[in-house]
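Summary of the model geometry
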Amino acid sequence: MRDRDVPGRRGDAHRPAAWVRTRLRSARAAALLTAVLTLATVFTAAALPRAADRGADSAVARFVLDRGVGATSLHLTARPRPGTRAADLDTLRERLVARIGSDLPLTRDGEHHGTRALTARPILGDGYDRPGGIAPQLHLTYLQGLAGHATLTEGSWPGPALPGEPLPIVVSARAAESVRLKVGDLLDGGSDNGADAGAPLRARIVGLYRADAPRERYWQELPCPDRACLKTLDGGGVRWETGGFVGPDALAALLAWGGGGEDFWRLPLDPHALRADRLAELRSGLGSHLAGPGAVRAAEETARPDLSVSTLLPEVLADATARHRATAPLAAIGPAGVAGTAAVVLCLAAALAADRRAAELRLLRARGASRTGILLRLLGEYAVTVLPAAAAGTALAVLLLPAPRWTASALAAGATALFALLAFPLRATLLPPRPPGTTRTRRRLVGELLTLTVTAAAVAEVRRRGAAPPGDAPDPLLVTAPLLVALTGGLLLARVQPWLVGRLAAGARRGRGLIGFLGLARTARDTAGRHRPAVLPTLALLLAVTTAGFGATVLDTTDGARLRAARTAIGGDAAVLVPPEAPLPEPFLTAAAALPGVRAASPVRIERQTYVLGVGRLAVQATAVIVEPRAYAEIARTVGVGPFDPDTLAAPPGGPDTPVPALVSPGLAERLPPGPQRLRTPGGELLATAAGTLAATPALPEAIREFLVLPVGPASARLPDLARADAWLAVGEVDGERLRSLFVHSGLADATGLAELLREEAREVSREPDGIPDGYRVRTSREVDARLAADPLQASTVRLFRTAAAAGAGFALLAVLLTVLRASPERAALLARLRTMGLRPRQGLALILAETVPQALAAVAAGAAVAAAAVALLGPAFDLSPLVGATVDDALSPLALPVLRPAAALALLVCAAVALEALVSGRRQVATELRAGERN
């Protein structure tokens, strides 16, 4: 027999059961729900900073990578030394990488080094293709590792240059086909008066190669390494240019060929090793290697005192830093809204738990328990549940979202875990549940007035300061102001909702049905705070809808501003620009205007060398834009740049002395004397008279001088050359690929008969959106818009916005479910009573919906209204340019659709969740109540 079974033994002493074990066993469902809620909130708190960091790092890496290897590399050059061998260049490369790589993250991707000739030489001789009679030009280089990036298709790789013999080289097979080169050709580079007598100015092609990956970073910045390029010359005409390569044992001959040369090393920065929070530190280290101790040590270690370093990296990194800081406040608004909603959900869970255990806590106090003792016991109880769940949520965020920074994530997770741990114990001990029917009017009023005051001050300060200059951290006012506006709106709704629902219940009482009145009456009682916490679920819904609506408005406004910026940049929805010497042919203009989707199209002639004579003592230089008035007016109206009435440019036909009506820029209009003005263009002179003013015009999106807009009919009647269009603008849904294909086949023209060569060049480069020969351009607003929208920083901010909106909606839905589950036993008892009085199951579901849905719908509708109010109040303080990708003046203004979409989606989710909960658990609970009897 055990001691405790023997009377009188020591085991008979009463041993109270352990508090934590007893409480967890008696309320397993509540403990599990607390653990799940803690895990979800801590995971969200730890995940959002890590997601933001990952997005910022990837955005910086993509931004730097998109700038190209030339702009993101250190370029080191030095004068070649006599007797320098290729192996010496390799050794110097190792020293440079060891020195610079200790401070900067370098990558082998895109790295190359070698020696290049300073001068490119023409390929003289007969038999080679010469567009317009201009000889092809050859750039020679020694490039280390060439054989590892190219495949020999014919001949052999170049060997050493023998004295008195031609310099052996290889060229690309595609260049050889274009210029008509072949293996064995002896290329005459002309004479060099400053060269030594024995210097070879001839080269022999010993092999042809094919680049394994022509778009590889290794080839970038080299002069036409994989094909022959057709270059447009400043003085008119075109010529072929291509690159050739010598072997490692021909460096001396290479220098003689080029009249000198330079050794070069290109060391690219590794974009994937960059961190958004360390860009300032990286710029400091970079400055040391440009003009500081690092540059001095590199010159000493390589024994090249003339070693120079150049790079565009400081500008690229400065731009990336500014863009990151500019988008930080916009990116932080979503997580701030999620934090507010999650905090409300935790407070709601604590309030519901305190309401559920009110009798127990009152009994403990009645039996002499102190507040401190109860607080410590509740802390111990919740620590067993909260802390493991918090650790699991943090670990899950770390595993799913690896990131180099952990401080912000750990702090957010720790603060959330602490809040979840203290919420119920503090709520239960410091704010004990009040008896039914009582309210804390004074305390509530003070809190509401304080919130209103803080919100008004924040909004006033944000509006006064406007878009603050970006700093090292997000502007706290810009981040928290929408949240404060939402909080104030929620408190106002809590004041108005009881009266509103009471009026609805009174109206339903006069109706024929009982279900609506009963549900609204119970809702009115709950919103008045007489039975269970009712403000917090409403506040959670309102915060979620406000955050989602505000973010959706920002994104929709950004999309519209981006499209307007794209249209402004090209002057319409589609634009074709060609050199003035090669105007657009009439068949192309006719076919382009007939393309599907074109709503209005105008040929345009842009005469930049136009002078207005007789203005003061000197002529004023201006740009003349000759257009078809009606089509161009429609383009200007659609783009929103310089709209005008086309009738102002109408003029009857006349002789040379009849003035042509013109719309002039305001600055030019102020300087013009009254009466007709003489305009001098390269094609002659004509008279014009000012018929109005335009602040801007689509054909000149970045006008830097004064301009005039002239009608093509009267102007070309005086000067026929003005009818030769060198641009084409259109608005409508224009397919860029079809327009580009049409241009390549019928839009290229040249006065010297080079159209076919230009077409071939266009086919070579037309794989890219701007893949048209030099001096030619075909663009559409949709392509420009897509290019701006593809910016990684914008994409990261948008993803964070949407993730935060989804998380906020999830927490708001959880708040509603917590409230519904807490009221489920009482509601089941009510339905059981009503069932005995003849209530049908379908009516029971209708009663649940009538009791729950109006409150949720009111919160959602109020959230939409508060979101619109927040946009109206705070919109002028937000600069959308970082999200657009271009400088815009668009202000953030309320929009109905972006606010209504998330509000309607959340309302449907809430209704579906309530109905599902009623269908799943309601019937079982009602049946239990009917069997067990009514519980008191």
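Residues numbered from 1 in each chain as written. Predicted model: local features only at pLDDT ≥ 70, side-chain atom pairs only at ≥ 80, totals over all residues. Heavy atoms only, no water.

**A few points about a nonpolar patch on the surface**
Together, Leu-39, Leu-396, Leu-399 and Leu-400 make up a nonpolar patch on the protein surface, roughly 380 Å² of accessible area in all. Counting residues per element, the nonpolar patch draws most heavily on helix H10 (residues 371-400), at three residues. Tracing the sequence through the fold places Leu-400 in helix H10. A relative accessible area of 53% places Leu-400 in the exposed class. (Patch = residues over 30% accessible without salt bridge, like charges linked within 9 Å, V, L, I, M, F, W, Y side chains within 5 Å. Areas by Shrake-Rupley, 256 points an atom, 1.4 Å probe, with all protein chains shown as cover. Salt bridge = Lys/Arg side-chain N within 4 Å of Asp/Glu carboxyl O. Helix = DSSP H or I, 4+ residues; strand = E, 2+ residues; numbered from the N terminus. Buried < 20%, exposed > 50% of the residue type's maximum accessible area, 1.4 Å probe, protein only.)

**Overview of the nonpolar core**
Core analysis: the biggest nonpolar cluster contains 81 residues, and Phe-424, Leu-541, Phe-550 and Phe-878 have the highest contact counts within it. The greatest single-element share of this core, amounting to 13 residues, is contributed by helix H8 (residues 313-356). Non-local contacts of Leu-541, meaning those with residues more than four positions away in its chain, are made with Ala-812, Val-816, Ala-856, Ala-859, Leu-906 and Val-910. Leu-89, Ala-298, Leu-307 and Val-316 belong to the second largest nonpolar core, which has 55 residues in total. (Core = buried A, V, L, I, M, F, W, Y, C linked by side-chain atoms within 4.5 Å. Contact = heavy atoms within 4.5 Å.)

**Notes on the packing of helix H15 (residues 535-570) against helix H22 (residues 781-789)**
A pair of packed helices is characterised by two quantities: the angle between their axes and the separation of those axes. Following both chains from N to C, one finds H15 and H22 inclined at 125°, their axes separated by 8 Å at the closest point. Accordingly, the angle class assigned to the pair H15 and H22 is oblique. For H15 against H22, the interelement crossing comes out right-handed. Taken together, the residues of H22 that come into contact with H15 (itself represented by Arg-562, Leu-563, Ala-566, Arg-567 and Ile-570) are Ser-781, Val-784, Asp-785, Leu-788 and Ala-789. Of the residues in the contact of H15 with H22, the class split is six nonpolar, one polar and three charged. (Axes fitted to C-alpha atoms, helices over the stretch in contact; angles between N-to-C directions. Parallel < 35°, antiparallel > 145°, perpendicular 65-115°, else oblique. Left-handed = near helix turned anticlockwise from the far one by under 90°. Nonpolar A, V, L, I, M, F, W, Y, C, P; charged D, E, K, R; others polar.)

**So, unusual backbone geometry**
Backbone geometry places Arg-180, a non-glycine residue, at a positive phi of 70°. With respect to the helices, strands and loops of the structure, Arg-180 is situated in the loop between helix H4 (173-179) and strand S7 (186-188). Looking at Arg-180, the relative accessible area reads 52%, which means it is exposed. In this structure, Ala-303 is a non-glycine residue whose phi angle is positive, near 55°.

**A few points about the packing of aromatic side chains**
Applying the stated rule across the entire model yields eight aromatic pairs. Centre to centre, the rings of Tyr-218 and Trp-219 are 5.3 Å apart; their planes meet at 90°, and the pair counts as edge-to-face. The same class applies to Tyr-218 as to Trp-219, namely buried. Between Phe-588 and Phe-743 the ring centres are 5.8 Å apart and the planes differ by 75°, which places this aromatic pair in the edge-to-face class. Taken together, the residues span a long stretch of sequence, with Phe-588 in helix H16 (residues 586-593) and Phe-743 in helix H20 (residues 736-747) at a distance of 155 residues. (Phe/Tyr/Trp six-rings, centres within 6.5 Å; stacked < 30°, edge-to-face > 60°.)

**Quick look at the side chain of His-113**
As for its placement among the helices and strands, His-113 is situated in strand S2 (residues 112-117). What makes His-113 buried here is its relative accessible area of 4%. Separated by 2.7 Å, the side chains of His-113 and Asp-90 make a polar contact. Setting aside anything within four residues of it in sequence, one finds His-113 in contact with Leu-89, Asp-90, Arg-93, Tyr-142, Leu-143, Gln-144, Phe-264 and Trp-265. (Polar contact = N/O pair within 3.5 Å; in protein donor to acceptor, adjacent residues only side chain to side chain.)

**A look at the environment of Gln-137**
Counting through the fold element by element, Gln-137 comes out in strand S4 (residues 137-143). For Gln-137, a relative accessible area of 13% corresponds to the buried category. The sequence separation of Gln-137 and Cys-229 amounts to 92 residues, and the corresponding C-alpha distance is 10.0 Å. Apart from the residues lying within four places of it in its own chain, the contact partners of Gln-137 are Ala-120, Arg-121, Pro-122, Arg-239, Trp-240, Glu-241 and Thr-242. For Gln-137, the side chain forms a polar contact with the main-chain oxygen of Ala-120, separated by 3.4 Å.

**A word on the packing of helix H2 (residues 28-66) against H8**
For the pair H2 and H8, interaxial distance at closest approach is 10 Å and the crossing angle is 175°. Taken together, the axes of H2 and H8 lie roughly antiparallel to each other. Of the residues contributing to the contact of H2 with H8, the split by class is 15 nonpolar, three polar and three charged.

**What about H15?**
Under the 1.5 Å per step criterion, the end-to-end length of H15 is 52 Å for 36 residues, consistent within 8% with the ideal 52 Å. Burial runs high along H15: 26 of the 36 residues are buried. (Expected span 1.5 Å × (residues − 1).)

**As for the side chain of His-112**
When you line up the elements, His-112 lands in strand S2. Reaching out from His-112, the side chain makes a polar contact with the backbone oxygen of Tyr-218 at a distance of 3.0 Å. With sequence-adjacent residues up to four places away left out, His-112 is seen in contact with Leu-143, Tyr-218, Gln-220, Leu-222, Phe-264, Trp-265 and Arg-266.

**Structural notes on the confidence of the model for the protein chain**
Residues at a pLDDT of 70 or more form 82% of the protein chain, whose mean pLDDT is 81. Summarising per-element confidence for the protein chain, the mean pLDDT is lowest in helix H21 (residues 755-765) (56) and highest in strand S6 (residues 167-172) (93). When the criterion is pLDDT under 50, residues 1-14 qualifies, and its contacts beyond four places in sequence or with other chains add up to six contacts. Contacts of residues 194-199 to residues separated by more than four positions or lying in other chains number one contact, the stretch itself having pLDDT below 50. (pLDDT = per-residue confidence, 0-100.)

**Quick word on the environment of Val-664**
On the secondary structure map, Val-664 appears in strand S16 (residues 660-664). Overall, the relative accessible area of 1% leaves Val-664 in the buried class. Each C-alpha atom of the pair Val-664 and Leu-708 lies 4.4 Å from the other, and the pair is 44 residues apart in sequence. Residues contacting Val-664, with those up to four places away along its chain left out, are Ala-669, Leu-672, Ala-690, Gly-692, Thr-693, Leu-694, Phe-707 and Leu-708.

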